[in-house]
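# Structural description and commentary
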Amino acid sequence: DTAVSQTPKYLVTQMGNDKSIKCEQNLGHDTMYWYKQDSKKFLKIMFSYNNKELIINETVPNRFSPKSPDKAHLNLHINSLELGDSAVYFCASSQGSWGQEAFFGQGTRLTVV
Amino acid sequence: AQSVAQPEDQVNVAEGNPLTVKCTYSVSGNPYLFWYVQYPNRGLQFLLKYITGDNLVKGSYGFEAEFNKSQTSFHLKKPSALVSDSALYFCAVRVVSSNTGKLIFGQGTTLQVKP
């Protein structure tokens, strides 16, 4: 069983489109995250939810909107995609947001053309 | 500013030799430190963590890390490297943000183990 699963794994789309990435975890964790990994492999947190409540919202453009229908799911919707949005997006989850390690999904490679 | 640094972009080691991947941090308060590994086209996998207690932490795949408070370091080590250890390694620190914790990652270090 996959602990943290993301769909799709690859996403190629044109500038200006709107797209969503879905994430589900079956670990029973109460905290979920979205991270962005750029072309230089640098990882930066975007959002974090705890029990469906947004607790971390980094300086991310408003075009990015996370949604957590329940604590096992955290989706990422992106409006009006731009070339600079091309990256690998990772979903992760942890139990609490302090001492416990985070488990990561396989990533979604987004390419905007 | 709270941060974590990995000073080496790449570390090259011969198989069977010991390896060290360096990490230093800057946080206020007690640090929660983590190491992750990323294989090509894969997500990050947790290796080990330091929260409190013994400064030498043992983790997955024979890796260990030593917490050094005076040098603010948390270097990753393995006594005998394998070719299969070749991957991208990230050090991370949990920092306070809006009354909760978030992971800040270092820049990553590519480990290349040659036969």
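In what follows, the accompanying structure is described. Counting from 1, residues in each chain are numbered in the order their sequence is written. Each chain takes a letter, starting from A, and each ligand takes a number, starting from 1, following the order in which they are written. The predicted origin of the model limits local features to residues at a pLDDT of at least 70 and limits the giving and counting of side-chain atom pairs to 80 or more, whereas totals for whole chains, interfaces and linings rest on all residues. As a convention, hydrogens and water are excluded, and side-chain values are obtained from all of the structure's heavy atoms.

Let us look at the overall build of chain B. Of the regular secondary structure elements, chain B holds zero helices and twelve strands. Segments assigned H or I by DSSP are reported as helices when at least four residues long, segments assigned E as strands when at least two residues long, and all are numbered from the N terminus. Counting from the amino terminus, helix and strand elements in chain B follow one another as β-β-β-β-β-β-β-β-β-β-β-β. We take the radius of gyration over the C-alpha atoms and set the globule estimate at 2.2 Å times the residue count to the 0.38 power. Taking 115 residues into account, the globule formula puts the C-alpha radius of gyration at 13 Å, and chain B, at 14 Å, falls close to it. Along the first, second and third principal axes, the C-alpha atoms of chain B reach 45 × 30 × 20 Å. Residues classed as buried in chain B amount to 47% of the 115 residues present. Long-range pairs, those at least 24 residues apart, make up 55% of the contacts in chain B with a sequence separation of at least 6. All accessible-area figures derive from a Shrake-Rupley calculation using a 1.4 Å probe, and residue coverage is judged against the displayed protein chains alone. If you sum the accessible surface of chain B, you get close to 5300 Å²; carbon and sulfur atoms cover 47% of it. The charge count treats Lys and Arg as positive and Asp and Glu as negative. His and the chain ends do not count. By convention, charge coordinates are those of NZ in Lys, CZ in Arg, CG in Asp, or CD in Glu. Separation of charge centres in chain B, based on 10 positive and 7 negative side chains, amounts to 8 Å. Any residue under 20% of the maximum accessible area for its type is buried, any over 50% is exposed, and the rest in between are partly exposed; the area is computed with a 1.4 Å probe on protein chains only. Any two residues whose heavy atoms approach within 4.5 Å at even a single point are treated as in contact.

At the junction of the two partners, chain B supplies 25 residues and chain A supplies 21 residues. Throughout, buried area stands for the accessible area (probe radius 1.4 Å) lost by two parts on being put together, summed over both. Approximately 2000 Å² of surface area, both sides summed, lies buried where chain B meets chain A, with 54% of it carried by carbon and sulfur atoms. One speaks of a salt bridge when a side-chain nitrogen belonging to Lys or Arg is within 4 Å of a carboxyl oxygen belonging to Asp or Glu. Scanning the region where chain B abuts chain A turns up two salt bridges. A salt bridge links Glu58(A) to Lys102(B); the nearest nitrogen and oxygen atoms lie 2.9 Å apart. Pairs of N or O atoms within 3.5 Å make up the polar contacts considered here, provided that, within protein, one atom can donate a hydrogen while the other can accept it, and that residues adjacent in sequence are counted only when both atoms are side-chain atoms. Our count for the contact surface shared by chain B and chain A stands at eight residue pairs in polar contact (both at pLDDT 80 or more). Three classes are used: nonpolar for Ala, Val, Leu, Ile, Met, Phe, Trp, Tyr, Cys and Pro, charged for Asp, Glu, Lys and Arg, and polar for all others, with Gly counted as polar. Class assignment of the residues belonging to the side of chain B that touches chain A gives a composition of eleven nonpolar, ten polar and four charged.

Moving on: the state of the cysteines. In plain terms, two cysteine sulfur atoms within 2.5 Å form what is called a disulfide here. Taken as a whole and judged by the stated rule, the model has two disulfides over all chains. Linked covalently through their sulfurs, Cys23(A) and Cys91(A) form a disulfide whose S-S length is 1.9 Å. Residues Cys23(A) and Cys91(A) are joined through a disulfide that is left-handed, its torsion about the S-S bond being -75°. Of the two residues, Cys23(A) sits in strand β3 (residues 19–25) while Cys91(A) sits in strand β9 (residues 87–94), which places them 68 residues apart along the sequence. Overall, Cys23(A) belongs to the buried group, its relative accessible area being 1%. Between the sulfur atoms of Cys23(B) and its disulfide partner Cys91(B) the distance amounts to 2.0 Å. The chirality of the disulfide connecting Cys23(B) with Cys91(B) is left-handed, given an S-S dihedral of about -60°. Separated by 68 residues along the polypeptide, Cys23(B) in the loop between β3 (19–21) and β4 (24–26) and Cys91(B) in strand β10 (residues 87–97) bring together distant segments of the chain. There is no split in this pair, since Cys23(B) and Cys91(B) are both buried.

In this section: the nonpolar core. All names here are of chain B. By size, the foremost hydrophobic cluster in this structure holds 28 residues, and its most contacted members are Trp35, Leu47, Leu48, Phe74, Leu76 and Tyr89. Those elements that provide at least two residues to this core are β2 (10–14), β3, β5 (32–38), β6 (44–50), β8 (64–68), β9 (73–78), β10 and β12 (109–114). At five residues, β10 tops the list of elements feeding residues into this core. Discounting residues that sit within four places of it in the chain, leucine 48 has contacts with Leu33, Phe34, Trp35, Val57, Lys58, Gly59, Phe63, Glu64, Ala65, Phe74 and Leu76. What we call a nonpolar core is a set of buried Ala, Val, Leu, Ile, Met, Phe, Trp, Tyr and Cys residues that are connected through their side-chain atoms within 4.5 Å.

Structurally, the position occupied by Gln37(A) is in strand β4 (residues 31–37). Within the structure, the side chain of Gln37(A) is placed 3.1 Å from the backbone oxygen of Lys41(A), a separation counted as a polar contact. If near-sequence neighbours (up to four positions away) are discounted, Gln37(A) is found in contact with Phe42(A), Leu43(A), Ala87(A), Val88(A), Phe90(A), Gln38(B), Leu88(B) and Phe90(B).

A word on the sheet that holds strand β7 (residues 64–70) of chain A. All names here are of chain A. At least two bridges found by DSSP between two strands is the condition for calling them paired. If you walk across this open sheet you meet the four strands as β1-β3-β8-β7, and the pairing is antiparallel. Here the strands that pair on one side only, and so sit at the sheet edges, are β1 (4–7) and β7. Sheet twist, expressed as the mean angle between neighbouring strand axes with direction ignored, is 20°. Across four bridges, the pairing between β1 and β3 is antiparallel. Axis definition: a line fit to C-alpha positions, over the contact stretch in the case of helices; interaxial angles, taken between N-to-C directions, run 0 to 180 degrees.

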